[in-house]
Amino acid sequence: MKRNRLLHAELSRVIASLGHGDALVIGDAGLPIPDAPQGHGGPQRIDLAVSRGVPAFDDVLAAVLSEMQVERALIATEACEAGGALPAWVAPIDASVTAVSHDELKQATRSARAVVRTGEFTPYRNVVLYAGVVF
């Protein structure tokens, strides 16, 4: 559910339309965006990439988190630090973050409302955010 500020028009509209439990994916430039199954709309594609590194994943994540109430999130285990510690870039996500295999993360993108592509080229810089409810 949307909070306060304005964002990119398509992204702002998607965030405003999220219901409890709906997923929004923020990914690096290499994350494959799944094609919609036949007869289904599939996730909306929002391509923000302008050039290599622009916009940065962290900037897009911060903007989305300023607008969206997040209940839980998924990242790839491959993004975790040595010893299985969560990477520092997940710290701003004020919700439960679970690490799953990269294949499971890609599978979760299939049911997302939208996939946002950033200009990031850092491997495994992808997150699935699940909408919570603002009370």
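Residues numbered from 1 in each chain as written. Predicted model: local features only at pLDDT ≥ 70, side-chain atom pairs only at ≥ 80, totals over all residues. Heavy atoms only, no water.

**Q** Explain the overall build of the chain to me, using residue names and the numbers behind them.
**A** Scanning the chain for helices and strands turns up three helices and six strands. Relative to its full complement of 135 residues, the chain shows a buried share of 42%. If you sum the accessible surface of the chain, you get close to 7,000 Å²; carbon and sulfur atoms cover 51% of it. (Helix = DSSP H or I, 4+ residues; strand = E, 2+ residues; numbered from the N terminus. Buried < 20%, exposed > 50% of the residue type's maximum accessible area, 1.4 Å probe, protein only. Areas by Shrake-Rupley, 256 points an atom, 1.4 Å probe, with all protein chains shown as cover.)

**Q** Hey, could you go over helix α3 (residues 102–109) for me, with residue numbers and the actual values?
**A** All of the buried residues in α3 are H102, L105, A108 and T109. Around the axis of α3, the buried residues are gathered within 115° of arc, so they sit on the same side. Seen from the open side of α3, the exposed residues pointing more than 90 degrees away from its buried face are D103 and Q107. Buried residues along α3 sit in contact with β1 (23–27), β3 (70–76), β4 (96–100), β5 (114–117) and β6 (127–131). (Arc of directions from axis to C-beta. Contact = heavy atoms within 4.5 Å.)

**Q** Explain the nonpolar core residue by residue, including any values.
**A** In terms of nonpolar packing, the biggest core is built from 28 residues, with L24, L61, V64, M68, I93, V127 and L129 touching the most fellow members. Counting only elements with at least two residues in this core, the list comes to α1 (9–17), β1, α2 (57–67), β3, β5 and β6. Take this core: its biggest share by element is five residues, from α2. (Core = buried A, V, L, I, M, F, W, Y, C linked by side-chain atoms within 4.5 Å.)

**Q** Mind laying out unusual backbone geometry, listing which residues take part and the relevant values?
**A** P55 follows V54 through a cis peptide bond whose omega is -5°. Within the element layout of this structure, P55 appears in the loop between β2 (44–47) and α2. For Y124, which is not a glycine, the phi torsion comes out positive at approximately 65°. Looking at the secondary structure, you find Y124 in the loop between β5 and β6. Residue Y124 is classed as partly exposed on the basis of its relative accessible area, which comes to 31%.

**Q** Lay out the environment of E71 in plain terms, naming residues and giving numbers.
**A** Residue placement: E71 occurs in strand β3. Overall, the relative accessible area of 39% leaves E71 in the partly exposed class. Between the C-alpha atoms of E71 and A95, which are 24 residues apart in sequence, the distance is 5.5 Å. Setting aside residues no more than four positions away along its own chain, E71 makes contact with H20, A95, S96, Y130, A131 and G132.

**Q** I'd like a rundown of the side chain of E120, residues and numbers included.
**A** One can find E120 in the loop between β5 and β6. For the buried E120, no salt bridge exists, and the shortest N-O distance to an oppositely charged side chain is 4.3 Å, to R125. Setting aside residues up to four positions removed in sequence, E120 forms contacts with D28, A29, G53, P55, A56, F57 and R125. (Lys, Arg positive; Asp, Glu negative; His and termini not counted. Salt bridge = Lys/Arg side-chain N within 4 Å of Asp/Glu carboxyl O.)

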